[in-house]
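# A structural walkthrough
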Amino acid sequence: FFAFLFTGTTHMPYAKIKGFNKYPHEKNGENGFLNTLYYSDWAIGEFFKQISHEKWFKKTIFIFTADHTASAFRSGFVDKFRIPLLIFDPSNPKQKIITDVSS
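Just so you know, these numbers come straight off a predicted model, no measurement behind them.

This next bit is on the packing of aromatic side chains. Tallied over the full model, the rule gives 13 aromatic pairs. Residues F47 and F62 carry aromatic rings whose centres are separated by 6.4 Å and whose planes lie at 85° to one another, so their mutual orientation is edge-to-face. Of the two residues, F47 sits in helix α1 (residues 30-51) while F62 sits in strand β1 (residues 62-65), which places them 15 residues apart along the sequence. Note on F47: relative accessible area 39%, which makes it partly exposed.

With 22 residues, α1 extends 32 Å from end C-alpha to end C-alpha; this agrees with the ideal 32 Å at 1.5 Å per step. Buried residues along α1 sit in contact with β1 and β2 (85-88).

Evaluated as defined, the whole model comprises 1 salt bridge. Across the salt bridge formed by E46 and K49, the nearest N and O atoms sit 3.1 Å from each other. Of this pair, E46 and K49 both sit in helix α1, 3 residues apart, roughly one helical turn. The class of K49 is exposed, set by a relative accessible area of 55%.

If you trace the backbone, T60 turns up in the loop between α1 and β1. The buried category is assigned to T60, whose relative accessible area is 16%. At 2.6 Å, the side chain of T60 forms a polar contact with the backbone oxygen of W56. Setting aside anything within four residues of it in sequence, one finds T60 in contact with F88, D89 and P90.

Conventions we followed
Residues numbered from 1 in each chain as written. Predicted model: local features only at pLDDT ≥ 70, side-chain atom pairs only at ≥ 80, totals over all residues. Heavy atoms only, no water. Phe/Tyr/Trp six-rings, centres within 6.5 Å; stacked < 30°, edge-to-face > 60°. Helix = DSSP H or I, 4+ residues; strand = E, 2+ residues; numbered from the N terminus. Buried < 20%, exposed > 50% of the residue type's maximum accessible area, 1.4 Å probe, protein only. Expected span 1.5 Å × (residues − 1). Contact = heavy atoms within 4.5 Å. Salt bridge = Lys/Arg side-chain N within 4 Å of Asp/Glu carboxyl O. Polar contact = N/O pair within 3.5 Å; in protein donor to acceptor, adjacent residues only side chain to side chain.

This is the structure:
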C-alpha cells in the first residue's frame, strides 16, 4: 500500500504546544520552529512505537522529506536550500548518510 501524510505543524505561525517548549516560544521566530520540530520528532517516534509490531512493518520502506526548511534562519546559499530526505528500511539496519548536494 501507499500512504501519504502532510503536516503543517512546523509552519508559521508556530503553535505553542504544551510540554514541547524547549525554548521561549516565538509565534514567527526560530524558537517557535525549533519547539514544533521537537514535537514533530516526538510524534514520529510515537508513530514508530505503535507500528513496529505490525506484520507489514519490516516489509515497508518509509520516506520522509520536506517541501522546504526554515531557510530564513539559515545563512549561506546552499544552506537555504538544503532539504532533508530520509529513507528508512526497518529490515536493513545499515545506515548511510549522504551529504552531497543533489537535485
